[in-house]
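# Structural features, examined
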Amino acid sequence: MTSQKTEMCAPFVIPADSYDRFIGRFLPTLAPEFADAAGIRAGMRTLDVGCGPGGLTRELVHRLGADSVAAIDPSPPFVAACTDRNPGVDVRRGAAEQLPWDDATFDAALASLVVGFMSDAVAGVAEMARVTKPGGVVAACFWDRERMPVLNTFWTAAAQVRPGPDTDMRRLGTQDGELAALLRGAGLSVVTAGSISATANYADFADWWTPFTFGVGPAGAYYDALSGKQQDDVRRHAFTLLGEPAGPFTLTAHAWCAVARVPSG
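As the structure is a computational prediction, the values presented were derived from the model and not from experiment.

### A closer look at helix H6 (residues 149-161)
Its 13 residues place the ends of H6 18 Å apart at the C-alpha level, agreeing with the 18 Å of an ideal helix rising 1.5 Å per residue. Buried within H6 we find Pro149, Val150, Leu151, Thr153, Phe154, Trp155, Ala157, Ala158 and Val161. For H6, the elements touching its buried residues are strand S5 (132-143), strand S6 (189-202), helix H8 (205-209), helix H9 (217-225), helix H10 (228-241) and strand S7 (249-261).

### Description of the sheet that holds S5
As summarised here, the arrangement of the 7 strands in space is S3-S2-S1-S4-S5-S7-S6, forming an open sheet in which the pairing is mixed. Whereas interior strands pair on both sides, the edge strands pair on one side only; in this sheet they are strand S3 (90-93) and S6. On average, each strand axis in the sheet is inclined to that of its neighbour by 20 degrees, with strand direction left out of account. The pairing of strand S1 (residues 46-49) with strand S2 (residues 69-73) spans 4 bridges and is parallel. Paired with leucine 47 across the strands is alanine 70, a residue of S2. Its contacts with the sheet place helix H4 (residues 76-85) against S2 and S3, and it is angled at close to 170 degrees to S3. Contacting S5, S6 and S7, helix H7 (residues 178-185) crosses the sheet at an angle of about 25 degrees to S7.

### As for the nonpolar core
Trp143, Phe154 and Trp208 are the most contacted members of the largest nonpolar core, which has 62 residues in total. No other element matches the 7 residues that H6 contributes to this core. In this view, tryptophan 143 contacts Ile23, Phe26, Leu30, Leu113, Met148, Leu151, Gly173, Thr174, Ala253, His254, Ala255 and Trp256; residues no more than four positions away in its chain are not counted. Judged by nonpolar contacts, the second largest core, of 33 residues, contains Phe106, Val115, Val122 and Leu182.

### Some thoughts on the pattern of salt bridges
Oppositely charged side chains can pair when the atoms bearing their charge come close. Counted by the stated rule, this structure contains 13 salt bridges. As a salt-bridge pair, lysine 133 and aspartate 107 come within 3.4 Å of each other at their nearest N and O atoms. With a gap of 26 residues between them, lysine 133 in strand S5 and aspartate 107 in strand S4 (residues 106-112) connect regions that are remote in the sequence. Among the charged side chains, a salt-bridge network with shared partners connects Asp17, Asp20 and Arg85.

### Describing the confidence of the model for the protein chain
In this model, the protein chain carries a mean pLDDT of 93, and residues with pLDDT of at least 70 account for 94%. This stretch, residues 1-11, has a pLDDT under 50; its non-local contacts, to residues over four places away or in other chains, come to 30 contacts.

The rules behind the values
- Residues numbered from 1 in each chain as written.
- Predicted model: local features only at pLDDT ≥ 70, side-chain atom pairs only at ≥ 80, totals over all residues.
- Heavy atoms only, no water.
- Helix = DSSP H or I, 4+ residues; strand = E, 2+ residues; numbered from the N terminus.
- Expected span 1.5 Å × (residues − 1).
- Buried < 20%, exposed > 50% of the residue type's maximum accessible area, 1.4 Å probe, protein only.
- Contact = heavy atoms within 4.5 Å.
- Pairing = 2+ DSSP bridges.
- Axes fitted to C-alpha atoms, helices over the stretch in contact; angles between N-to-C directions.
- Core = buried A, V, L, I, M, F, W, Y, C linked by side-chain atoms within 4.5 Å.
- Salt bridge = Lys/Arg side-chain N within 4 Å of Asp/Glu carboxyl O.
- pLDDT = per-residue confidence, 0-100.

See below:
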């Protein structure tokens, strides 16, 4: 397992629409698979930790109703977007490591594409367990970077222009077994692990490339730090790596997923 202490990362303080066009494209198909893996069903009360603009929150509301869903994120624009898009949901601004809910409040706590960005993933998962009822579910998913073509293509192209460390590849949760080990390390039991998949559709290469210029996440920050020529060179290499698409195309991404139970006694 990688170090339990993950790299500190500032909140994604960007417009929600920018995230929607970048990673958010995958949420309409990723969220149902994640909710299925976690066993989310009618009658449960759930918490979406690191909710972003509300991609998973929307799926939880669809299954459970707004009154049975709560969500939290450190980014003010994301909290505002999640609130607007999911009326009636208890959406709060805050960090996973200090959840503002009482012990044993929820039947399930889920973290989608989040643990690799927590300042302390063990503390974050422990908090998720604390606010979940005994016997309840704690679940996490995070991109399998070797099978996430958007990020993998960008960083491969970037390495051809300005060789350096691929910080995304080192994030906790990107490798097989890391999420399961994280949940076990937080004292959870009956841990099961596997992978889930999601798809995103693009009108053309420009539709794929443009979101990298919005400053979203580590890839966006890396892009902003390049010179104009380097940005053009990364774009050119990425176009080649994707097979020089001339029109619409679809990409499939995979994420590791682990689901556990809060011990009953």
